[in-house]
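# Close look at the chain arrangement
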Amino acid sequence: MICKDIEDMIPSFLADDLDTDDLREFMEHVDNCEDCMEELSIQFLVLEGLARLEDGNVFDLQRELDIRLEEAGHSLNRREGMQIFLYILESLVVIAAIVFVALLFVL
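Residues numbered from 1 in each chain as written. Predicted model: local features only at pLDDT ≥ 70, side-chain atom pairs only at ≥ 80, totals over all residues. Heavy atoms only, no water.

According to the stated counting rule, one finds one aromatic pair in the structure shown. Measuring from centroid to centroid gives 4.7 Å for phenylalanine 13 and phenylalanine 26, while their planes differ by 20 degrees, and the two rings are stacked. Here phenylalanine 13 is found in helix H1 (residues 3–14), whereas its partner phenylalanine 26 is found in helix H2 (residues 20–32), with 13 residues between them in sequence. The same class applies to phenylalanine 13 as to phenylalanine 26, namely buried. (Phe/Tyr/Trp six-rings, centres within 6.5 Å; stacked < 30°, edge-to-face > 60°. Helix = DSSP H or I, 4+ residues; strand = E, 2+ residues; numbered from the N terminus. Buried < 20%, exposed > 50% of the residue type's maximum accessible area, 1.4 Å probe, protein only.)

Below you can see the structure in the form of structure tokens.
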């Protein structure tokens, strides 16, 4: 993906609204692109900073962004693990169906 695509995905990332494939591409790109990481930081600081100022809360937005990125990485790992589990389960169902059909012909 190009930087413009990633920048367009930032609001969805901040709203935790990216599917697994988009999240993977987003995370990989942001990890390797200083410009996109800077844009993510700016948008996060503006969005969260304004909300916090209105509430009058004390905050460390850079730390919160780092935590959000770390949580997104963990979420991506869980999603990918679940996809692998589902592929294995589907394969087992297919194998069971083949064995069942084979048994019908034998009997």
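Looking now at a negative patch on the surface. On the surface, Asp5, Asp19, Glu25, Glu28 and Asp31 cluster together into a patch of negative charge. With three residues, the single largest contributor to the negative patch is H2. Mapped onto the elements of the fold, aspartate 19 is located in the loop between H1 and H2. Taking the relative accessible area as the measure of exposure, aspartate 19 reaches 43% and is therefore partly exposed. (Patch = residues over 30% accessible without salt bridge, like charges linked within 9 Å, V, L, I, M, F, W, Y side chains within 5 Å. Areas by Shrake-Rupley, 256 points an atom, 1.4 Å probe, with all protein chains shown as cover. Salt bridge = Lys/Arg side-chain N within 4 Å of Asp/Glu carboxyl O. Lys, Arg positive; Asp, Glu negative; His and termini not counted. Charge placed at Lys NZ, Arg CZ, Asp CG, Glu CD.)

In this model, the largest pocket occupies a volume close to 160 Å³. Forming the walls of the largest pocket are Phe13, Leu14, Asp16, Asp17, Leu18, Leu23, Arg68, Glu71, Ala72, Ser75 and Arg79. Put simply, the parts of the chain that give the lining of the largest pocket at least two residues each are H1 and helix H4 (61–106). The element contributing the most residues to the lining of the largest pocket is H4, with five residues. Residue composition of the lining of the largest pocket, by class: five nonpolar, one polar and five charged. (1 Å grid on protein atoms, 1.4 Å probe; cavity = no way out; pocket = protein on both sides within 12 Å on 5 of 7 lines; lining within 4 Å. Points joined across faces, edges and corners; volume = space filled by probe spheres on them. Nonpolar A, V, L, I, M, F, W, Y, C, P; charged D, E, K, R; others polar.)

What follows covers the packing of H1 against H2. It is at 10 Å that the axes of H1 and H2 come closest, and there the two elements cross at 115 degrees. Seen from above, H1 lies across H2 with left-handed handedness. Counted together, Cys3, Ile6, Met9, Ile10 and Phe13 of H1 and Asp22, Leu23, Glu25, Phe26, Met27, His29 and Val30 of H2 form the full contact between these two elements. Split into classes, the residues belonging to the contact of H1 with H2 amount to nine nonpolar, one polar and two charged. (Axes fitted to C-alpha atoms, helices over the stretch in contact; angles between N-to-C directions. Left-handed = near helix turned anticlockwise from the far one by under 90°. Contact = heavy atoms within 4.5 Å.)

So, about H1. Here H1 is twelve residues long and its end C-alpha atoms lie 17 Å apart, about the 16 Å a rise of 1.5 Å per residue gives. Along H1, the residues that are buried comprise Ile6, Met9, Ile10, Phe13 and Leu14. Considered in projection along H1, the buried side chains sweep an arc of 140 degrees and stay on one side of the axis. One or two steps after H1, the chain reaches aspartate 16, where phi turns positive at roughly 55 degrees. (Expected span 1.5 Å × (residues − 1). Arc of directions from axis to C-beta.)

So, on to the nonpolar core. Membership of the largest hydrophobic core comes to 19 residues, with the highest contact counts inside it found for Phe13, Leu23, Phe26, Met27 and Leu40. In this view, phenylalanine 26 contacts Ile6, Met9, Ile10, Phe13, Leu18 and Leu40; residues no more than four positions away in its chain are not counted. (Core = buried A, V, L, I, M, F, W, Y, C linked by side-chain atoms within 4.5 Å.)

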